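Topology and contacts: notes
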Amino acid sequence: MSWLLGRNRPQQPQDVPPSDGGNPDGATAGERSGDAQLSKAERKAMEAYRFDSSALERAAEAAKTLERSRHAREALELSKLQEVTRQQEYQQKVKEYEAHIEQAKVEQRRIDHEERRKTLIEETKQQQQRAQYQDQLARKRYEDQLAQQQRVQEENLRKQEESVARQEAMRRQTIEHEIEMKEKNRLKLLEHEMRVKAKVDRENRDINLEQIRLKAQEQRTTILEGIKTAGTVIGTGVEAMLTDWDKVLTAAGGLSLLALGVYAAKGATGVTSRYIESRIGKPTLVGETSRFAILDAVQHPIKYVKKLKSKPADALQGVVLNPKLEERLRDVAIATKNTRINRGMYRNILMHGPPGTGKTMFAKKLAEHSGMDYAIMTGGDVAPMGKEAVTAIHKVFDWSQTSRRGLLLFVDEADAFLRKRSSEHISEDLRAALNAFLYRTSEQNSKFMLVLASNTPEQFDYAINDRLDEMVEFTLPGLEERERLLRLYFDKYVLQPAAEGAKRFKLEQFDYGAACSKMAKMCEGMSGREISKLGVSWQAAVYASEDGVLTEKMVLDRAEAAAQQHKQKMAWLSEQERLDHKSITGGKSN
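Rules used throughout
- Residues numbered from 1 in each chain as written.
- Predicted model: local features only at pLDDT ≥ 70, side-chain atom pairs only at ≥ 80, totals over all residues.
- Heavy atoms only, no water.
- pLDDT = per-residue confidence, 0-100.
- Contact = heavy atoms within 4.5 Å.
- Helix = DSSP H or I, 4+ residues; strand = E, 2+ residues; numbered from the N terminus.
- Polar contact = N/O pair within 3.5 Å; in protein donor to acceptor, adjacent residues only side chain to side chain.
- Pairing = 2+ DSSP bridges.
- Axes fitted to C-alpha atoms, helices over the stretch in contact; angles between N-to-C directions.
- Buried < 20%, exposed > 50% of the residue type's maximum accessible area, 1.4 Å probe, protein only.
- Right-handed = clockwise from strand over helix to strand, strands pointing away.
- Salt bridge = Lys/Arg side-chain N within 4 Å of Asp/Glu carboxyl O.
- Parallel < 35°, antiparallel > 145°, perpendicular 65-115°, else oblique.
- Left-handed = near helix turned anticlockwise from the far one by under 90°.
- Nonpolar A, V, L, I, M, F, W, Y, C, P; charged D, E, K, R; others polar.

An unreviewed UniProt entry lists the protein chain under the name ATPase family AAA domain-containing protein 3-A, with Musca domestica as the source organism.

As structure tokens, this is what we get:
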């Protein structure tokens, strides 16, 4: 019904121009000039406040029409319903506004709570920083006190060394003077004795010559009589033997029995020696073993006493490897120990990977942990033996069968003689040795366990691969493993000698853990053996220094030099060696 009040009324046609000369609103010239000076927004605002009287006339006319209409009541009810609806909408908007206000209050409380929480966190952080700063100050004061004590101790030690050096110099001068005086007296006495002896010899010259002549004549007479007597006895014996055939037969029988006894003793000695070698000796191919050997026990008695007193240790003690690899090797160690206890069949294992990653060390630890004997042989020792290699291999396996505790036979660099027979050019002797090895390892055994180690396992003969029950890959140490190795060798080669008070071995105060972490990043691609050599180089740096103090700079410089040397070694590899190195490292350094 907005059209009743003049809203949205239809536009009237303006075909007829207004009588006042084109002014539809009846405005005067002054008003038109005033309106012209107003802006568009102002004119629009003024139009909004103008009152249209015709709208009231139309509304009155419409009301009269509506009253005369038979639908007047329905229109009134509809207007009331519209008014009620508008009031409900207004109340709904009021409630929404109140809900918005409550939500704003909740949000404000949340913001206040968040601000208080941030304030508490900041206060806690400030307290922690203050505590850390105080701790750092206390630590620095303690380090300064230690440094001061160390300087005082070094000064006292230097003074003591100087005093000892002066005393030693005085004692050395005294000893040298005494030696010089004794030498002079000895020379004088010797000169006097020589003069006296020369004088006596001159006086007794005739007597001495006569004694020499008499001794020579007596010796000549004795020799002649001995020759005559021997000739007479031999002649009499030969004549008596030739004239008496019973004596001839007796002599021949005695000589025959003597020869038979010699040959029998020689054979028995050979059998006995082979038995002793198989029981308490060791074959030629075996370089190192934990089994008892008489010769090694005589040469190294203390070492064997320590072996007898040693107890089975953890198989991974002192071995730093990748956690997944450690878990797998621990399973192998437990299975091997239980196999020995239950007298089951041992499994043959291949350990392959780059050199210096701990294969030989783990093989020894595995044997000690399981309670077995171990023997280490090198594949490179087989080829130089030539035709004797087959016999030597059989001796090794015969010897392994005599172990009561079971023997772990570790073959290092096994690819040196276990190469492919089809594609590799190997000698007949090496081929025969390989066939002998295959014959002795054709079946599972409860007496010995075979562990092979190789840097290039792809060169193995297929028959060797068929005899392997499990293959374990030893990879280069990663960042965490390198840091563990550096900490281990730093403690072994630096901290322990410094703590024991070794002569000319002192250590500067610095953060050892941070230095090891830094060096672990520098030594990327290095093996455990190279990191162990780095530990030895720290000792060499101390011994080469003037004051015998190992500083942080010396430690880091040695690590950087070792990393550069490793890169140089990698650059020297030939193309084939590069391919082999990639194959054993998986194409990248961990």
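Right, let's talk about the confidence of the model for the protein chain for a bit. Overall, the predicted model of the protein chain reaches an average pLDDT of 79, with 79% of residues at or above 70. Here residues 1–31 is modelled with pLDDT under 50, and outside its nearest four sequence neighbours on either side it reaches 23 contacts, counting other chains as well. This stretch, residues 583–590, has a pLDDT under 50; its non-local contacts, to residues over four places away or in other chains, come to 17 contacts.

On to the side chain of Ser 403, then. Among the structural elements, Ser 403 can be located in the loop between α11 (388–401) and β4 (407–412). Within the structure, the side chain of Ser 403 is placed 3.3 Å from the backbone nitrogen of Gly 406, a separation counted as a polar contact. Residues contacting Ser 403, with those up to four places away along its chain left out, are Arg 291, Asp 373 and Lys 447.

Turning our attention to the sheet that holds strand β2 (residues 349–352). Spatial strand order, β1-β3-β4-β5-β2-β6: six strands in an open sheet with mixed pairing. The open sheet terminates on both sides in strands that have one partner only, identified here as β1 (286–289) and β6 (470–473). Here the average twist between neighbouring strands, direction ignored, is 20 degrees. With four bridges connecting them, β2 and strand β5 (residues 448–454) associate as parallel partners. Bridging from a neighbouring strand, Ile 349 pairs with Val 451 of β5.

This brings us to the pairing of β4. Counting buried positions over the six residues of β4 gives six, a clear majority of the element. By the alternation rule, side chains of β4 split into Leu 407, Leu 409 and Val 411 and Leu 408, Phe 410 and Asp 412, which are all buried. Note: strand β3 (residues 373–378) against β4, six bridges, orientation parallel. For Tyr 374, the partnering residue across the bridge sits in β4 and is Leu 408. In the classification by handedness, the crossover that spans β3, the intervening α11 and the parallel β4 is right-handed. With five bridges connecting them, β4 and β5 associate as parallel partners. Within β5, the residue paired with Val 411 across the bridge is Leu 452.

Below, the discussion takes up the pattern of salt bridges. Across all of its chains, the model carries 21 salt bridges by this definition. Between Glu 155 and Arg 158 there is a salt bridge, with the nearest N and O atoms lying 2.2 Å from each other. Remark: Arg 158 and Glu 155 occur in helix α4 (residues 72–203); sequence separation between them is three residues, near one turn of the helix. Across the pair Glu 180 and Lys 184 runs a salt bridge whose closest N-O atoms are separated by 3.7 Å. In this pair, Glu 180 and Lys 184 both sit in helix α4, four residues apart, roughly one turn of the helix.

Right, let's get into the pairing of β2. If a strand is regular, its side chains alternate between the two faces of the sheet. The alternating pattern of β2 places Ile 349 and Met 351 on one face and Leu 350 and His 352 on the opposite face, and all of these are buried. As paired elements, β2 and β6 share four bridges and run parallel to each other. Across the sheet, residue Leu 350 finds its bridge partner in β6, namely Met 471.

Before going further, it helps to examine the environment of Gly 371. Along the polypeptide, Gly 371 turns up in the loop between α10 (359–370) and β3. Given the relative accessible area of 13%, Gly 371 is considered buried. With 36 residues separating them along the chain, Gly 371 and Leu 407 place their C-alpha atoms 9.5 Å apart. Sequence-distant contacts of Gly 371, defined by excluding residues within four places in its chain, comprise Arg 340 and Arg 405.

Attention now moves to the packing of α11 against helix α12 (residues 428–440). Contact geometry of α11 with α12 gives a least axis separation of 8 Å together with a crossing angle of 20 degrees. Judged on the interaxial angle alone, α12 and α11 are roughly parallel. Here α11 runs over α12; the crossing is right-handed. Only Ala 432, Ala 433, Ala 436, Phe 437, Tyr 439 and Arg 440 of α12 make contact with α11, whose side of the interface consists of Ala 389, Val 390, Ile 393, His 394, Phe 397 and Asp 398. Looking at the contact of α11 with α12 residue by residue, the classes come out as nine nonpolar, one polar and two charged.

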